[in-house]
Amino acid sequence: MPTYKLCYFNARGYGEMCRLLFAEAGVEYEDIRYTREEWPEQKPKMLFGQMPVLFVDGEQIAHSRAAFRYLAREFKLDGGNSLNAAKCDMWQEVEFEAISKLPFSEEDEAKKAELMTSILKEQVHPKITKYEEAIKENGGIYLFGDKISSVDILMYGAVEFLDKFLPNEKILEQHPTLKTLVEEVQKRPGISKWLKERPVTEM
Amino acid sequence: MPTYKLCYFNARGLGEMLRLLFVQADVEYEDVRYSSEEWPKYKPTMLFGQMPVLFVDGEQIAHSRAALRYLAREFKLDGGNSLNAAKVDMWTEAMIEAIMKLPFYEQDEAKKAELTAVAFKDHIHPKLTKFEEAVNAKCGTYLFGNDISAADIMVFAIFDLVNRRNPDEKILDKHPTLAKVVAAVQEQPRIAKWLKERPETEN
């Protein structure tokens with residue numbers, strides 16, 4: 001087993017999806033959280049001057065989604081074969097692109113509200129519905145039926161994020177299959193322990 | 001061997017890096033190119049209404065980079081082990097994020113020129129320099145020394161796209177190690193043949 005270290009800020013943000021995989025797999029890692037004051041000194045050490053970075057025996061995987069896919073593969077959470085791993089990959093990228101379009105940094109409040117509504121309607125909800133269709137096709141709770149994969153855990157993280165920052169959207173009321181998935185992920189022993197014990201942070 | 005079909009427009013764009021993997025691996029695939037007139041008819045058949053889509057025995061990998069990573073794995077062009085595969089992944093994401101900073105859709109010529117300059121200075125050139133450092137660290141031709149991988153082919157494909165649109169940037173003059181990678185990829189026998197024979201397209 002390699003030595004793992006995850007470097008990020010004291011936040012869920014882009015680091016939490018990797019932390020959830022470690023929790024699900026029950027694998028130890030160093031969960032480093034740099035403060036804003038510490039970050040300028042650490043920044044030049046990171047390959048692209050950004051975080052999160054996953055260190056694997058000292059080697060840097062300096063991209064959050066590449067690190068996530070690597071851990072999914074190592075922890076056998078990538079669907080059990082190469083094509084399923086590609087499907088996890090595809091859903092992960094699609095989820096990221098949809099969430100990234102949400103205009104959280106728009107300063108004009110009226111414009112922000114309008115864009116938020118249209119992106120939710122045109123991007124986020126349809127993509128969630130497609131994911132639910134894929135789950136139903138496999139007849140189980142998770143994307144691959146009864147076997148949890150990294151992307152189910154990622155979707156839990158996405159819902160957690162959307163519920164926190166867009167609570168009025170009530171995502172799970174609109175998506176019952178996703179709701180069942182999220183409830184199952186939360187009950188996983190490693191994940192439920194982590195959710196109780198992890199640092200509470202704003203983001 | 002599965003049956004492969006790649007659906008895209010008649011363009012290099014985001015599809016060409018996938019075609020180059022088929023070419024390098026000498027694996028047959030159906031290279032489907034829809035015209036703009038045909039596209040509205042086929043759009044609803046694509047999982048997310050977008051292309052490229054890689055069909056593997058009829059199943060859709062409907063994201064270009066997920067398809068790239070899948071083919072790299074299948075064709076043993078992912079660096080030979082899981083950690084190297086993560087590095088191919090990381091470099092793919094880092095490079096594509098950098099070129100996505102280019103203002104492809106900006107109509108105002110002056111603003112476009114300004115944004116292009118910023119994209120090159122702040123994102124593309126620094127990332128290319130980092131890639132060169134990684135190549136130089138292995139003292140070979142490619143990212144992993146003397147074994148070509150999807151990362152080298154992806155970098156070549158991106159360079160091909162960006163260089164044609166921005167010849168005055170003289171990318172290879174500024175990046176001598178990249179120039180050697182590009183030359184080596186271009187000279188791979190099957191890739192050299194493909195570059196001569198492939199359809200000529202504007203993008």
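Conventions adopted
- Residues numbered from 1 in each chain as written.
- Chains lettered and ligands numbered in written order.
- Predicted model: local features only at pLDDT ≥ 70, side-chain atom pairs only at ≥ 80, totals over all residues.
- Heavy atoms only, no water.
- Helix = DSSP H or I, 4+ residues; strand = E, 2+ residues; numbered from the N terminus.
- Rg over C-alpha atoms; globule rule 2.2 N^0.38 Å.
- Contact = heavy atoms within 4.5 Å.
- Areas by Shrake-Rupley, 256 points an atom, 1.4 Å probe, with all protein chains shown as cover.
- Lys, Arg positive; Asp, Glu negative; His and termini not counted.
- Charge placed at Lys NZ, Arg CZ, Asp CG, Glu CD.
- Salt bridge = Lys/Arg side-chain N within 4 Å of Asp/Glu carboxyl O.
- Buried < 20%, exposed > 50% of the residue type's maximum accessible area, 1.4 Å probe, protein only.
- Expected span 1.5 Å × (residues − 1).
- Bend = angle between axes of the 7 residues up to and from the residue.
- Polar contact = N/O pair within 3.5 Å; in protein donor to acceptor, adjacent residues only side chain to side chain.
- Core = buried A, V, L, I, M, F, W, Y, C linked by side-chain atoms within 4.5 Å.
- Axes fitted to C-alpha atoms, helices over the stretch in contact; angles between N-to-C directions.
- Parallel < 35°, antiparallel > 145°, perpendicular 65-115°, else oblique.
- Left-handed = near helix turned anticlockwise from the far one by under 90°.
- Nonpolar A, V, L, I, M, F, W, Y, C, P; charged D, E, K, R; others polar.
- Disulfide = S-S within 2.5 Å.
- Pairing = 2+ DSSP bridges.
- Buried area = accessible area lost by both parts, 1.4 Å probe.

Chemist: Sorry if this is basic, but what is going on with the overall build of chain A here?
Modeler: Summing up its helical and strand segments, chain A has 9 helices and 4 strands in all. Its helices and strands in sequence order give chain A the pattern β-α-β-α-β-β-α-α-α-α-α-α-α, from N to C terminus. At 17 Å, chain A has a C-alpha radius of gyration in line with the 17 Å of a compact globule built from 203 residues. The dimensions of chain A, computed from C-alpha atoms along their principal axes, are 45 × 45 × 30 Å. In chain A, 66% of the contacts between residues at least 6 apart in sequence involve partners at least 24 apart. Entry remark: accessible area of chain A is about 10,000 Å², with carbon and sulfur atoms responsible for 51%. Within chain A, the 35 negative side-chain charges are centred at a point lying 1 Å from the centre of the 28 positive side-chain charges.

Chemist: Whenever I open this one, the pattern of salt bridges confuses me. Can you help?
Modeler: Oppositely charged side chains are able to pair whenever their charged atoms sit close together. Counted by the stated rule, this structure contains 38 salt bridges over all chains. For the salt bridge of Glu160 of chain A with Arg12 of chain A, the shortest nitrogen-to-oxygen distance reads 3.8 Å. Here the residue Glu160 of chain A occupies a position in helix α6 (residues 150–165), and Arg12 of chain A occupies one in the loop between β1 (4–9) and α1 (16–25), the gap between them amounting to 148 residues. The class of Glu160 of chain A is buried, set by a relative accessible area of 19%. Of the charged contacts in the structure, one is a salt bridge between Glu93 of chain A and Arg65 of chain B, with a shortest N-O distance of 2.7 Å. Separated into two different chains, Glu93 of chain A in helix α4 (residues 82–100) and Arg65 of chain B in helix α3 (residues 64–74) make up a pair that spans both. The burial state of Glu93 of chain A is the same as that of Arg65 of chain B; both residues are buried. Where salt bridges share partners, they join Arg65, Arg69, Asp89, Glu93 and Glu97 of chain A together with Arg65, Arg69, Asp89, Glu93 and Glu97 of chain B into one cluster.

Chemist: I tried to follow α1 of chain A on my own but got confused; where do I start?
Modeler: Helical geometry note: an α-helix holds 3.6 residues per turn, so side chains three or four residues apart project in the same direction. Counted residue by residue, α1 of chain A has 9 buried out of 10 residues, so it is predominantly covered. Gly26 of chain A sits one or two positions beyond α1 of chain A and adopts a positive phi of about 65 degrees.

Chemist: What's the story with helix α5 (residues 109–138) of chain B in this structure? I'm lost.
Modeler: Residue and element names in this part refer to chain B. Taking 1.5 Å of rise per residue, the 30 residues of α5 would be expected to cover 44 Å, and the 41 Å separating its terminal C-alpha atoms lies within 8% of that figure. At Phe120, α5 shows its largest kink, close to 40 degrees. By the burial criterion, the buried members of α5 are Thr116, Ala119, Phe120, Ile124, His125, Lys127, Leu128, Phe131, Glu132 and Val135. N-cap assignment for α5: the residue whose side-chain oxygen lies 3.0 Å from the backbone N of Ala110 is Asp108. Phi for Cys139, located one or two positions after α5, is positive at around 55 degrees.

Chemist: Would you take a moment to explain the nonpolar core for this structure?
Modeler: Note on soluble globular proteins: their nonpolar side chains tend to be buried together. Grouped together as the largest cluster of nonpolar side chains are 143 residues, with contacts concentrated most on Leu54 of chain A together with Tyr4 of chain B. Setting aside residues no more than four positions away along its own chain, Leu54 of chain A makes contact with Tyr4, Lys5, Leu6, Phe22, Glu59, Gln60, Ile61, Ala67, Tyr70 and Leu71 of chain A.

Chemist: Honestly, the packing of α3 of chain B against helix α4 (residues 82–99) of chain B in this entry has me stumped. Any pointers?
Modeler: Two numbers describe a pair of packed helices, the interaxial angle and the distance between the axes. All names here are of chain B. Contact geometry for α3 and α4: axes closest at 11 Å, N-to-C directions at 150 degrees. Considering their axes alone, α3 and α4 lie roughly antiparallel with respect to each other. Relative to α4, the crossing made by α3 is right-handed. Every residue of α4 that contacts α3 at Arg65, Leu68 and Arg69 is listed here: Asp89, Thr92, Glu93 and Ile96. Across the contact of α3 with α4, the residue classes break down as 2 nonpolar, 1 polar and 4 charged.

Chemist: Before we go on, may I ask you to explain the state of the cysteines in this structure?
Modeler: Linking two cysteines covalently through their sulfur atoms gives a disulfide. All names here are of chain A. Across all of its chains, the model carries 0 disulfides over all chains by this definition. Free cysteine Cys7: the closest other cysteine sulfur is in Cys18, separated by 12 Å. Classification of Cys7 by relative accessible area gives buried; the value is 1%. Residue Cys18 is classed as buried on the basis of its relative accessible area of 2%.

Chemist: What is the right way to read the sheet that holds strand β2 (residues 30–34) of chain A from this model?
Modeler: Hydrogen bonds between backbone groups are what pair the strands of a sheet, and the pairing can be parallel or antiparallel. All names here are of chain A. Taken together, 4 strands build an open sheet; the order of strands is β2-β1-β3-β4 and the sheet is mixed. The sheet is open, and its two borders are formed by β2 and β4 (59–61), each paired with just one other strand. Sheet twist, expressed as the mean angle between neighbouring strand axes with direction ignored, is 25 degrees. Most of the contacts of α1 go to β1, to which it runs at about 145 degrees, and overall it touches β1, β2 and β3 (53–56).

Chemist: Please clarify how the pairing of β1 of chain A should be interpreted in this entry.
Modeler: Looking along a regular strand, one sees side chains alternate from face to face of the sheet. All names here are of chain A. Where burial is concerned, most of β1 is hidden: 5 out of the 6 residues are buried. Note: β1 against β3, 4 bridges, orientation antiparallel. For Lys5, the partnering residue across the bridge sits in β3 and is Phe55. Pairing analysis gives 5 bridges linking β1 to β2, with the strands arranged parallel.

Chemist: Looking at this structure, I do not really get the interface of chain A and chain B. What am I missing?
Modeler: Much of the literature gives interface size as the accessible area that the parts lose upon coming together. Taken together, the contact pairs 27 residues of chain A with 27 residues of chain B. For the pairing of chain A and chain B, the buried interface totals around 2,500 Å² over both sides, and the portion due to carbon and sulfur atoms is 63%. Broken down residue by residue, the surface that chain A buries against chain B is led by Phe48, Leu83 and Met90 of chain A, which jointly contribute 22%. For the pair chain A and chain B, the interface holds 10 salt bridges. Between Glu59 of chain A and Lys87 of chain B there is a salt bridge, and its shortest N-O distance comes to 2.4 Å.

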